[in-house]
Amino acid sequence: MLKSKVRFLVAALALPAALLYWPFACSAPTSQLKATGPEPSSSAETLHASYSLPPTVAGGVLPHPAFAFADSAASASIADIAERVTPSVVSITSERMVDASQQMMPFPFGFGFGGPGQGGPQKQQGLGSGVIISQDGVVLTNHHVIEDATEIKVTTSDDREFEAQLIGSDKKSDLAVLRLKGDLASLKALPIGDSTSLRLGDVVLAVGNPFGVGQTVTMGIVSAKGRSNMGINDYEDFIQTDAAINPGNSGGALVNMRGELVGINTAILSRSGGYQGIGFAIPTNMARPIADSLLSKGRVVRGFLGIGIQDLDAELGQALKVPDNHGVLVTDVQPGGAADKAGVKARDVILKVDGSPVTDTGHLRNMIASRGVNVPVTLSIIRDGKPAELKVTLTEMPEEAAKAGKESQATSPTLGMKLAPLDERLRHRLQMPDNAPGKVVVVGVEPDSRADEAGLHPGDVLVEIDQKPVTSVAQVETAAKAAKGPLLLGVRRGEGTRYVVIKPQ
């Protein structure tokens, strides 16, 4: 009995020790363990691009990820890469005048200006980061770092301070370009890499000035690509990373293991305002043409189709006879716009642009915007279940169209609503123009009905049913009763139109 108790006690003590040892055992052989870990310059313990195991790693154990490299030809360590890129990342201090009697809210996810004041006009200071992208003093940063700034100062990693001139800023993508003034000798530009070559799991470094504590380097991996519809910017194609990004990192560099700029750190997803493992960066392949446009024209020129769009779901795809339910649905066509002149119609489903598949509304919007103006593109579409191609010459996006062209989120409503004719009184209450389409309005939705569950709201205007214009309440009721399958309903809400499928009972 005594021996069994002793054996149990020894096992109980040995288990925690084994667990404590386990992380070290996974990072290096016991004979190589040091207080500071494996030597970062040890080229024998690297993870190559082919992801084959280095021959010198005992027992096929992967090296610690901190010493993984991006390609088999790399000979520099993480420390070497950080040393090479940090001189190109700067801290930005910007000042603006604010009415401090009003509560100032920080930029989404904790970046930019913030904090309530005591009343009256006051100077407010914001901290952020930027990246030197050319040796003549051009710096790329976020729009929200310098928004409404009356004075911008830039400090380099060697503590040199420069005044900066704002060359141009683009709120829709949250990018801005500055030019430094003064002695620009010995400035070091960060080479710009190809962000499209990034793969999930690639190691990246985030460099910036979090919380104003000074230049900081953090490491992580590429967690996701092509993040859009996050509600941060109008144009989004974010790289997601778990490299620690905090307030003040805005405008800083996301760097690959070749020491190249692949993204501009922009925002974090956080409930606390601090790092929680989800950060977003604007990819360089999106940022580069915007920066070039700001430098050459002082503004961003984007391609414009002149259509309203929404994502396609399974029910819409089935109703519109779209194979695989892939593509983006055209809900509105602006009269006289580029799409209208090319013959694009409402209910067309766009599958490809110049042969490249379209995944969602955000993807299509970015593809068209990046093409530029007076550029011909080929749209591969499905119309009435049949494939077709249309040639469209893009125009420049007008500001008013950009505001009105934000697509609405699709819903899947069913019947179960109270309808009324859309008279002048209701038009006035809904602030609808006289020439806006629609003659029937939803004035009530029964609780727990199919319409309620589907998301139809009072104030929705019915413009089409079964691909025919809606002319009266009686027409809608007759079509609903006669339907033997799903109905396709066009609904106008606000300034845009959406298409939804009405399920049969």
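Novice: Could you clarify how one ought to interpret the pairing of strand β19 (residues 386-393) in this entry?
Specialist: Look at any regular strand and the pattern is simple: side chains alternate between the two faces of the sheet. Relative to β19, strand β18 (residues 376-383) is paired through 8 bridges, and the arrangement is antiparallel. What sits directly across from Leu-379, in β19, is Leu-390. In sequence, β18 turns back onto β19 through a hairpin of 2 residues, with Asp-384 there showing a positive phi of about 55°.

Novice: Please clarify how the pattern of salt bridges should be interpreted in this entry.
Specialist: Pairs may arise between side chains of opposite charge once their charged atoms sit close together. Taken as a whole and judged by the stated rule, the model has 10 salt bridges. The shortest N-O distance in the salt bridge between Asp-136 and Arg-179 comes to 3.3 Å. With a gap of 43 residues between them, Asp-136 in the loop between β2 (121-134) and β3 (138-141) and Arg-179 in strand β6 (residues 175-181) connect regions that are remote in the sequence. The exposure class assigned to Arg-179 is partly exposed, which follows from its relative accessible area of 29%. A salt bridge links Lys-153 to Glu-161; the shortest N-O distance between them is 3.9 Å. For Lys-153, a relative accessible area of 31% translates into the label partly exposed. When salt bridges with common partners are traced through the structure, they connect Glu-151, Lys-153 and Glu-161 into a single cluster.

Novice: What is the right way to read the pairing of strand β14 (residues 307-311) from this model?
Specialist: Of all 5 residues in β14, 4 are buried, a share of seventy percent or more. In this sheet, strand β15 (residues 328-333) lies alongside β14 in antiparallel orientation, the contact comprising 5 bridges. Bridge pairing links Gly-308 to Asp-332 in β15.

Novice: Even after reading the chapter, I still don't get unusual backbone geometry, so can you show me in this structure?
Specialist: Backbone geometry places Phe-211, a non-glycine residue, at a positive phi of 60°. Relative to the assigned elements, Phe-211 resides in the loop between β7 (203-208) and β8 (216-227). Phe-211 gets classed as exposed once you look at its relative accessible area, which sits at 54%. We note that Asp-324 has phi near 65°; this positive angle belongs to a residue other than glycine. Overall, the relative accessible area of 61% leaves Asp-324 in the exposed class.

Novice: Quick question: what am I supposed to make of the sheet that holds strand β11 (residues 261-268) here?
Specialist: Read once around its circumference, the closed barrel built from 6 strands follows the order β7-β8-β9-β12-β11-β10, with strand pairing classed as antiparallel. Across the sheet, the axes of successive neighbouring strands diverge by a mean angle of 45°, strand direction being ignored. Sheet topology note: the β11/strand β12 (residues 279-283) ladder contains 5 bridges and is antiparallel. When the sheet's bridge partners are listed, Gly-263 is paired in β12 with Pro-283. Contacts from helix α2 (residues 78-85) reach β7, β8 and β10 (253-255) within the one sheet, and its direction differs from that of β7 by about 40°. Along the sheet, helix α4 (residues 284-297) contacts β11 and β12; its crossing angle with β12, the most-contacted strand, is approximately 50°.

Novice: Would you mind showing me how to read α2 here?
Specialist: An α-helix turns once every 3.6 residues. As a result, residues three or four positions apart point the same way. Turning to α2, its buried residues number three or more, namely Ile-78, Ile-81, Ala-82 and Val-85. For α2, the angular spread of buried residues about the axis comes to 100°, placing them on one side.

Novice: Please clarify how the environment of Ala-189 should be interpreted in this entry.
Specialist: Within the secondary structure, Ala-189 sits in the loop between β6 and β7. Overall, the relative accessible area of 23% leaves Ala-189 in the partly exposed class. In this structure Ala-189 touches Ser-88, Ile-132, Ile-133, Ser-134 and Gln-135, once residues within four positions along its chain are discounted.

Novice: Can you help me understand the packing of aromatic side chains in this one?
Specialist: Both the distance between ring centres and the angle between the ring planes are used here to describe each pair of aromatic rings. Summed over the entire model, instances satisfying the criterion amount to 1 aromatic pair. With centroids separated by 5.5 Å and ring planes inclined at 40°, the aromatic side chains of Phe-238 and Phe-280 adopt a geometry described as tilted. Within this pair, whereas Phe-238 is found in strand β9 (residues 238-241), its partner Phe-280 is found in strand β12, the two being separated by 42 residues in sequence. It is Arg-302 that lies over the ring of Tyr-235; its NZ or CZ is 4.4 Å from the centre. Lying across the ring of Tyr-235, Arg-365 places its NZ or CZ 6.0 Å from the centre.

Rules and cut-offs
- Residues numbered from 1 in each chain as written.
- Predicted model: local features only at pLDDT ≥ 70, side-chain atom pairs only at ≥ 80, totals over all residues.
- Heavy atoms only, no water.
- Pairing = 2+ DSSP bridges.
- Helix = DSSP H or I, 4+ residues; strand = E, 2+ residues; numbered from the N terminus.
- Salt bridge = Lys/Arg side-chain N within 4 Å of Asp/Glu carboxyl O.
- Buried < 20%, exposed > 50% of the residue type's maximum accessible area, 1.4 Å probe, protein only.
- Axes fitted to C-alpha atoms, helices over the stretch in contact; angles between N-to-C directions.
- Contact = heavy atoms within 4.5 Å.
- Arc of directions from axis to C-beta.
- Phe/Tyr/Trp six-rings, centres within 6.5 Å; stacked < 30°, edge-to-face > 60°.
- Lys NZ or Arg CZ within 6 Å of the ring centre and 35° of its normal.

Any functional reading would require information beyond the geometric quantities listed.
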